[in-house]
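Fold and contact review
Each chain is listed here by its residues.
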Amino acid sequence: ADLMLHGVPGPCPQCGGLVKYADAHYRCTAWVDAYSRCQFRAATMPRLPFVKPAGLRSRLWKAFEFAQVDIPDAIAREQQRAEQVRDERRAAAGRRR
């Protein structure tokens, strides 16, 4: 649903690989050589329009029209919350020692 509402993340600007959104960041999933992954990571990035898959014959697909919705505020809030949870976990781990 995220891709249908907000669009598809574009290719990685560093290596052209597949970019996925996870843990409040966009990350490249490609390998740059046999031993290391691409290190691209960003809080925001442009998204491309969602294209309906060909061959689906559902009434819902016939009515669907892509209209991109901006998400920078939502991403920023999610990123802040993820960082807050991370900091709380680190503080709790420090108290246990």
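Let me begin by describing the structure that accompanies this report. Not measured: the values here are computed from a predicted model.

**Quick look at the state of the cysteines**
- Throughout the structure, instances matching the rule amount to zero disulfides.
- With no disulfide of its own, Cys-12 lies 3.7 Å from the sulfur of Cys-38, the closest cysteine sulfur.
- What makes Cys-38 buried here is its relative accessible area of 8%.

**Describing the environment of Phe-64**
- Of note, Phe-64 is situated in the loop between helix H2 (59–63) and helix H3 (72–96).
- Separated by 24 residues in sequence, Phe-64 and Phe-40 place their C-alpha atoms 33 Å apart.
- Dropping the residues within four chain positions of it, Phe-64 is found in contact with Met-4, Phe-50 and Lys-52.

**Considerations on the pattern of salt bridges**
- Under the counting rule described, the total for this entry stands at one salt bridge.
- A salt bridge links Arg-86 to Asp-87; its shortest N-O distance comes to 3.2 Å.
- Classification of Asp-87 by relative accessible area gives partly exposed; the value is 40%.

**What about the sheet that holds strand E3 (residues 25–28)?**
- Spatial strand order, E2-E3-E4: three strands in an open sheet with antiparallel pairing. Every interior strand has two partners, whereas the edge strands, strand E2 (19–22) and strand E4 (41–42), have only one.

**Focus on the nonpolar core**
- Counting 10 residues, the largest nonpolar core is built from Cys-12, Val-19, Tyr-26, Cys-28, Ala-30, Cys-38, Phe-40, Ala-42, Met-45 and Ile-75.
- Apart from the residues within four sequence positions on either side, Ile-75 is in contact with Tyr-21, Tyr-26, Ala-43 and Thr-44.

**What to know about the side chain of His-25**
- Mapping His-25 onto the fold places it in strand E3.
- Engagement of the side chain of His-25 in a polar contact is seen with the side chain of Arg-41, the distance being 3.0 Å.
- Residue contacts for His-25: discarding those within four places in its chain leaves Lys-20, Arg-41, Ala-42, Ala-43 and Gln-79.

Conventions adopted
- Residues numbered from 1 in each chain as written.
- Predicted model: local features only at pLDDT ≥ 70, side-chain atom pairs only at ≥ 80, totals over all residues.
- Heavy atoms only, no water.
- Disulfide = S-S within 2.5 Å.
- Buried < 20%, exposed > 50% of the residue type's maximum accessible area, 1.4 Å probe, protein only.
- Helix = DSSP H or I, 4+ residues; strand = E, 2+ residues; numbered from the N terminus.
- Contact = heavy atoms within 4.5 Å.
- Salt bridge = Lys/Arg side-chain N within 4 Å of Asp/Glu carboxyl O.
- Pairing = 2+ DSSP bridges.
- Core = buried A, V, L, I, M, F, W, Y, C linked by side-chain atoms within 4.5 Å.
- Polar contact = N/O pair within 3.5 Å; in protein donor to acceptor, adjacent residues only side chain to side chain.

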